[in-house]
Amino acid sequence: MDSRADPSAAPATEPGAAPAAGPGAFATRAIHAGGGPEPATGAVVQPLYLSTTYAMDSPGVTRGAYDYARAGNPNRSALEATLAELEGADAAHAVSSGMAAVTAVFSALLAPGDSVVVPRDVYGGTVRLLEDEYARWGITIIPADIADPAALAAALAAGPALVWVETPSNPSLEIIDIAATARAAHAAGALLAVDNTFATPYLQQPLGLGADVVVHSTTKFCGGHSDVVGGAVLVKDHGELPAGAQAGARIDRWTASAGVGSAPFDAWLTARGLKTLAVRMERHCDSALRVARWLRAHPQVAEVRYPGLPDHPQHELAAAQMRGFGGIVTFRAASEAIALRAAERVRVFALAESLGGVESLFDHAATMTHLCLRGTELEVGPDVIRLSIGLEDPADLIADLTAALAD
Ligand SMILES: *Cc1c(COP(=O)(O)O)cnc(C)c1O
């Protein structure tokens, strides 16, 4: 019971204990799930616990939940409580980067001889990790167009241990049906992992749609201020597969053993970012739709990709699966020269990789984020621009693009 829900009710917790996260809307839970005022001092914001070790009351008897900070620290715990609450997870693990989160999933859940189905336009770091590192350990990749049920069925016939999904994808913003993919994967005995970085738990909750594992690069929208690199792994056991029941414990053991847990200040910054996730995502989505509509009417723009536009091929699926359409807009300029000239001209947008921060970013994908795909079948065209729409006034963003795309 949450005493905040009914002011006349007696406090449900002992004085000094952090109040339990109460029910309520997403925005409320994002602010309160990590705990209330700090018991000892009343500090409304959790202090930063830099201590690497925690005094015991007697040999082997810890005072609280902590003994050594690699295994756990209060700032990491608060962040994990918030993430688990917002994603509807059984458990959350906050780690040092998005790639540490991806590594945790592969290392904890795969064994030599296993295979993984990955979408064709999966995040470059994820496929590089599989090719450069896990191939040496006898793990194989099955690339597939997961959005196509026949292609997914063919990939599942090979008996993979894991299906990996990213939706919306990067940079083409394709949408994959998470519930249908979870059903197909489970029927084939495979677990489903979803990289939810682009959507965040505010817009999309894959565990509720049947996914077993969610990963985040919290560096992006969850942190939201371009000032901390981090990642998270979230798990939920749907009781359908033995591997699902083991996934949580395996990831727990692996992250503690490997020492990839989030450092106190990183966790603190990410937790601060999550408190404003709901309002930030509303504004990201609203401004992104305005910019996408404006771009579509521009004579120097050949094509606009944004799941919120009715002509996006999976607009209906996105509308059903997501609360909003996200802060990323991808477009093709009328030529490579126009794309490159715009990249040199933007002033409000920063010409930079990454995404999801308060400041808008302009990415010429072929020479920046997706350079490593050059010469492969996944190569991104030289006219493709990915915009991360920040929290500036959208009129200023449109004015900047107007000047950048002018003849
Ligand atoms: C950035 C990103 C990652 C990797 O995260 P890092 O925090 O940079 O390690 C993984 N997946 C997606 C979709 C990303 O955008």
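The protein appears in an unreviewed UniProt entry as homocysteine desulfhydrase from Brevibacterium rongguiense. In its Cofactor (unreviewed entry) section, the UniProt record describing the protein reads: "pyridoxal 5'-phosphate". Quoted verbatim from the Subunit (unreviewed entry) field of the UniProt record, the comment on the protein reads "Homotetramer."

Caption draft 1: Spotlight on the nonpolar core. In terms of nonpolar packing, the biggest core is built from 75 residues, with Val163, Leu295, Phe362 and Leu387 touching the most fellow members. Considering every element that reaches this core, the biggest residue donor is helix H10 (residues 277–296), with 8 residues. Composition of this core by domain shows at least three residues from each of domain 1 (27–274) and domain 2 (277–404). What Leu387 contacts, discounting residues up to four positions off in sequence, is Val291, Leu295, Gly327, Ile328, Val329, Phe331, Phe349, Leu361, Phe362 and Leu401. Core analysis: the next-biggest nonpolar cluster, separate from the first, contains 30 residues, Ala100, Val118, Leu191 and Val213 among them.

Caption draft 2: Representation of the sheet that holds strand E3 (residues 91–95) in the model. In space, the 7 strands of this open sheet follow the order E3-E9-E8-E7-E6-E4-E5, with mixed pairing throughout. A strand with exactly one partner marks an edge of an open sheet, and here the two such strands are E3 and strand E5 (140–144). Looking at each pair of strands side by side, their axes are set apart by 20° on average, direction ignored. Pairing of strand E7 (residues 191–195) with strand E8 (residues 213–217) involves 3 bridges; the strand directions are parallel. Directly across from Val194, in E8, lies its bridge partner Val214. Across the sheet, helix H3 (residues 98–109) is in contact with E3, strand E4 (115–119), strand E6 (162–166), E7, E8 and strand E9 (231–235); its angle to E8 comes to roughly 155°. The strands touched by helix H8 (residues 242–258) within the sheet are E3, E7 and E9, with E3 carrying the most contacts at an inclination of about 30°.

Caption draft 3: Spatial organisation of the sheet that holds strand E12 (residues 350–351). The strand order E10-E11-E14-E13-E12 describes an open sheet built from 5 strands, whose pairing is mixed. Both outer strands of the open sheet, strand E10 (301–305) and E12, are each paired with one neighbouring strand and no more. Two elements, strand E13 (residues 361–364) and strand E14 (residues 384–388), share 4 bridges in a ladder whose sense is antiparallel. Counted as the bridge partner of His364 is Ile385 from E14. Contacting strand E11 (328–333), E12, E13 and E14, helix H12 (residues 336–345) crosses the sheet at an angle of about 145° to E13.

Caption draft 4: The arrangement of the domain arrangement of the protein in detail. The domain boundaries assigned to the protein delineate domain 1 (27–274) and domain 2 (277–404). Relative to domain 2, the C-alpha centre of domain 1 lies at a distance of 26 Å. Counting residues at the interface gives 34 residues for domain 1, matched by 36 residues for domain 2. Both sides of the domain 1 and domain 2 interface together cover about 2900 Å² of buried area, and 63% of this is carbon and sulfur. The largest share of the area that domain 1 buries against domain 2 comes from Tyr202, Leu203 and Phe221, three residues that together contribute 28% of it. Connecting domain 1 to domain 2 are 0 salt bridges. For the pair domain 1 and domain 2, the interface holds 19 residue pairs in polar contact (both at pLDDT 80 or more).

Caption draft 5: The arrangement of the site of the ligand in detail. In the vicinity of the ligand, the residues found are Ser97, Gly98, Met99, Tyr123, Glu166, Asp195, Thr197, Phe198, Ser217, Thr219, Lys220 and Gly230. Here a nitrogen atom of the ligand and a side-chain polar atom of Asp195 are 2.7 Å apart. Burial of the ligand by the protein chains amounts to 90% of its free accessible area of 380 Å². Taken together, the residues that form the shell around the ligand break down as 3 nonpolar, 6 polar and 3 charged.

Caption draft 6: Main features of the packing of H10 against helix H13 (residues 394–405). Running from N to C, H10 and H13 point in directions that differ by 30°, and their axes come no closer than 10 Å. Handedness of the crossing formed by H10 with H13: right-handed. Contacts between H10 and H13 involve Arg283, Ser287, Arg290, Val291, Trp294 and Leu295 on the former and, on the latter, Pro394, Ile398, Leu401, Thr402 and Leu405. Within the contact of H10 with H13, the residues separate by chemical class into 7 nonpolar, 2 polar and 2 charged.

Caption draft 7: Broad picture of the environment of Asp212. With respect to the helices and strands, Asp212 occurs in the loop between helix H7 (200–203) and E8. Sequence separation of Asp212 and Asp145 is 67 residues, and the distance between their C-alpha atoms is 20 Å. Non-local contacts of Asp212, meaning those with residues more than four positions away in its chain, are made with His186, Leu191, Leu192, Leu207, Leu234, Val235, Lys236 and His238. For Asp212, the side chain forms a polar contact with the main-chain nitrogen of Leu192, separated by 2.8 Å.

Caption draft 8: Region of the structure containing the pairing of E14. In terms of residue burial, E14 counts as a mostly covered element, since 5 of its 5 residues are buried. Residue alternation in E14 divides its side chains into two sets, Val384, Arg386 and Ser388 and Ile385 and Leu387, and both sets are buried. In this structure, E11 lies alongside E14, joined through 5 bridges in antiparallel fashion. Within the sheet, the bridge partner assigned to Phe331 lies in E14 and is Ile385.

Caption draft 9: Seen up close, the UniProt feature "modified residue: N6-(pyridoxal phosphate)lysine" (unreviewed entry) in the protein. Under the present numbering, the feature "modified residue: N6-(pyridoxal phosphate)lysine" (unreviewed entry) in UniProt falls on Lys220. If you trace the backbone, Lys220 turns up in the loop between E8 and E9. Excluding anything up to four places from it in sequence, Lys220 contacts Thr197, Ser354, Leu355 and Gly356.

Reading the values: the criteria
- Residues numbered from 1 in each chain as written.
- Predicted model: local features only at pLDDT ≥ 70, side-chain atom pairs only at ≥ 80, totals over all residues.
- Heavy atoms only, no water.
- UniProt positions renumbered as here; feature names shortened; annotations may be inferred.
- Core = buried A, V, L, I, M, F, W, Y, C linked by side-chain atoms within 4.5 Å.
- Buried < 20%, exposed > 50% of the residue type's maximum accessible area, 1.4 Å probe, protein only.
- Helix = DSSP H or I, 4+ residues; strand = E, 2+ residues; numbered from the N terminus.
- Domains from an automatic or database assignment.
- Contact = heavy atoms within 4.5 Å.
- Pairing = 2+ DSSP bridges.
- Axes fitted to C-alpha atoms, helices over the stretch in contact; angles between N-to-C directions.
- Buried area = accessible area lost by both parts, 1.4 Å probe.
- Salt bridge = Lys/Arg side-chain N within 4 Å of Asp/Glu carboxyl O.
- Polar contact = N/O pair within 3.5 Å; in protein donor to acceptor, adjacent residues only side chain to side chain.
- Near = heavy atom within 4 Å.
- Areas by Shrake-Rupley, 256 points an atom, 1.4 Å probe, with all protein chains shown as cover.
- Nonpolar A, V, L, I, M, F, W, Y, C, P; charged D, E, K, R; others polar.
- Left-handed = near helix turned anticlockwise from the far one by under 90°.

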